[in-house]
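# Per-entry structural report
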Amino acid sequence: MSNQVTVTNTPRKPFGMFKSVANAKKANLTYAPRRSYRNHTHDIVETHTKVKALLGSLAGVAFSTAIVAKKQKLSLKNPLNIFKLKYGMKEMIAVCGLGIIGGASGGMIGSDKKKEKMDEGVFQFMNATVPLLGVHPVTKMIDNSKYKQNLPLRVAAIIAVLFAGMKVAAELSNFINDPHDKVPDRKLTIWDSIANIDDAVGAFAIAKIPVVSQLEKILPLIYVWCGYRAGKSN
């Protein structure tokens, strides 16, 4: 009587669990699994893919900021004017969206992981915009209350709204990417919260928190990073 081994094919999970430490060692990966999970990469990302993702993201952000600058009557002949742009929800969505589209599109060129990059692009976009939608009404509510001068309360409320919004964004992106629930959901991790600092910067800019709101000047750079993350995801 011979021993039989049953082999089952497990479908690739775009936002599922990444390789365990044991499996990573067996595959001779030099990429630490924890870092792999944080960066949304199942395998080591090749340099040319990173370059294409970065260039695509830069192009998307440059195009969108040029449009915003034109509407705000700022000339980008002086590159430093990019740090003078004023951001509301529309501007953030436009710059972030085109940056992610550019990064994901660039990373897809010559890649067999197009679905993964597209899914991560959806996640990045939802996670960068959905939490912000709750910030404006919350800050308005505080402004119309007796606590409008309470800065600690305002900051705490914004942080709470951001984390709740990120959870909602994750649920929405999972539904969009996998409406029939065929693969495990992409889980929101603490690394996502740390990496997606654009949410906090954008929220504080909208809420006009003193000093911190000045960080809106670097929003284009943060959105380049969002697009890059989508483009190199595999």
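A quick note: this is a predicted structure, and the numbers were derived from the prediction, not measured.

On to the overall build of the protein chain, then. Secondary structure summary: the protein chain contains nine helices and zero strands in total. Residues counted as buried form 44% of the 234 residues belonging to the protein chain. Within the protein chain, counting contacts between residues at least 6 apart in sequence, those at least 24 apart form 74% of the total. Accessible area of the protein chain: about 13300 Å², with a carbon and sulfur share of 65%.

So, on to helix H9 (residues 219-232). For H9, built from 14 residues, the straight-helix expectation of 20 Å at 1.5 Å per residue is met to within 8% by its first-to-last C-alpha distance of 20 Å. Most of H9 is tucked away, with 12 of its 14 residues classed as buried. All buried positions along H9 are accounted for by Leu-219, Pro-220, Ile-222, Tyr-223, Val-224, Cys-226, Gly-227, Tyr-228, Arg-229, Ala-230, Gly-231 and Lys-232.

This part takes up the pattern of salt bridges. Per the stated rule, a full pass over the model turns up three salt bridges. Of the charged contacts in the structure, one is a salt bridge between Lys-115 and Asp-119, with a shortest N-O distance of 3.1 Å. Here Lys-115 and its partner Asp-119 are both found in helix H5 (residues 114-143), four residues apart, which amounts to about one turn of the helix. The partner of Asp-143 in a salt bridge is Arg-154, and the shortest N-O contact between them spans 2.3 Å. Placement of Asp-143 in helix H5 and of Arg-154 in helix H6 (residues 151-177) is noted, with a sequence separation of 11 residues between them. Classification of Asp-143 by relative accessible area gives partly exposed; the value is 33%. We classify Arg-154 as buried; its relative accessible area is 8%.

Our focus in this paragraph is the packing of helix H4 (residues 89-108) against H5. Packing of H4 against H5 leaves a shortest axis separation of 9 Å and a crossing angle of 170°. The angle between the axes of H4 and H5 places the two elements in the roughly antiparallel class. From H4, Met-89, Met-92, Ile-93, Cys-96, Gly-97, Ile-100, Ala-104, Gly-107 and Met-108 reach across to H5, where they touch Lys-114, Lys-117, Met-118, Gly-121, Gln-124, Phe-125, Ala-128, Thr-129, Leu-132 and Leu-133.

What follows is about the nonpolar core. Counting residues in each nonpolar core, the largest one holds 31 residues, and the members touching the most others are Met-92, Ile-158, Leu-219 and Tyr-223. Secondary structure elements with two or more residues in this core: helix H3 (47-71), H4, H5, H6, helix H8 (197-207) and H9.

What follows deals with a nonpolar patch on the surface. A contiguous nonpolar surface patch, about 440 Å² in accessible area, is contributed by Leu-80, Phe-83, Leu-215, Ile-218 and Leu-221. In this structure, Leu-80 sits in the loop between H3 and H4. Exposure remark for Leu-80: the relative accessible area of 56% places this residue in the exposed category.

All right, on to unusual backbone geometry then. Trans is the prevailing form of peptide bonds, just as negative phi is the prevailing case for residues other than glycine. The phi torsion at Lys-73 lies on the positive side, around 60°, for a residue other than glycine. Following the sequence through the fold, Lys-73 ends up in the loop between H3 and H4. Classification of Lys-73 as exposed rests on a relative accessible area of 76%.

Attention shifts here to the environment of Gly-134. You can see Gly-134 is positioned in helix H5. Taking the C-alpha atoms as reference, Gly-134 lies 8.7 Å from Ile-158; in sequence the two are 24 residues apart.

The next point concerns the environment of Met-92. Position of Met-92 among the secondary structure elements: in helix H4. With relative accessibility at 1%, the residue Met-92 sits in the buried group. Residues Met-92 and Ser-64, 28 residues apart in the sequence, show an inter-C-alpha distance of 9.7 Å.

The next thing to look at is the packing of H5 against H6. Between H5 and H6, the shortest axis-to-axis distance is 7 Å and the interhelical angle comes to 145°. Classified by chirality, the crossing of H6 by H5 is right-handed. Of the residues assigned to the contact of H5 with H6, the class counts are 18 nonpolar, six polar and four charged.

About the criteria used
- Residues numbered from 1 in each chain as written.
- Predicted model: local features only at pLDDT ≥ 70, side-chain atom pairs only at ≥ 80, totals over all residues.
- Heavy atoms only, no water.
- Helix = DSSP H or I, 4+ residues; strand = E, 2+ residues; numbered from the N terminus.
- Buried < 20%, exposed > 50% of the residue type's maximum accessible area, 1.4 Å probe, protein only.
- Contact = heavy atoms within 4.5 Å.
- Areas by Shrake-Rupley, 256 points an atom, 1.4 Å probe, with all protein chains shown as cover.
- Expected span 1.5 Å × (residues − 1).
- Salt bridge = Lys/Arg side-chain N within 4 Å of Asp/Glu carboxyl O.
- Axes fitted to C-alpha atoms, helices over the stretch in contact; angles between N-to-C directions.
- Parallel < 35°, antiparallel > 145°, perpendicular 65-115°, else oblique.
- Core = buried A, V, L, I, M, F, W, Y, C linked by side-chain atoms within 4.5 Å.
- Patch = residues over 30% accessible without salt bridge, like charges linked within 9 Å, V, L, I, M, F, W, Y side chains within 5 Å.
- Left-handed = near helix turned anticlockwise from the far one by under 90°.
- Nonpolar A, V, L, I, M, F, W, Y, C, P; charged D, E, K, R; others polar.

Any link to function would need more than the numbers given here.
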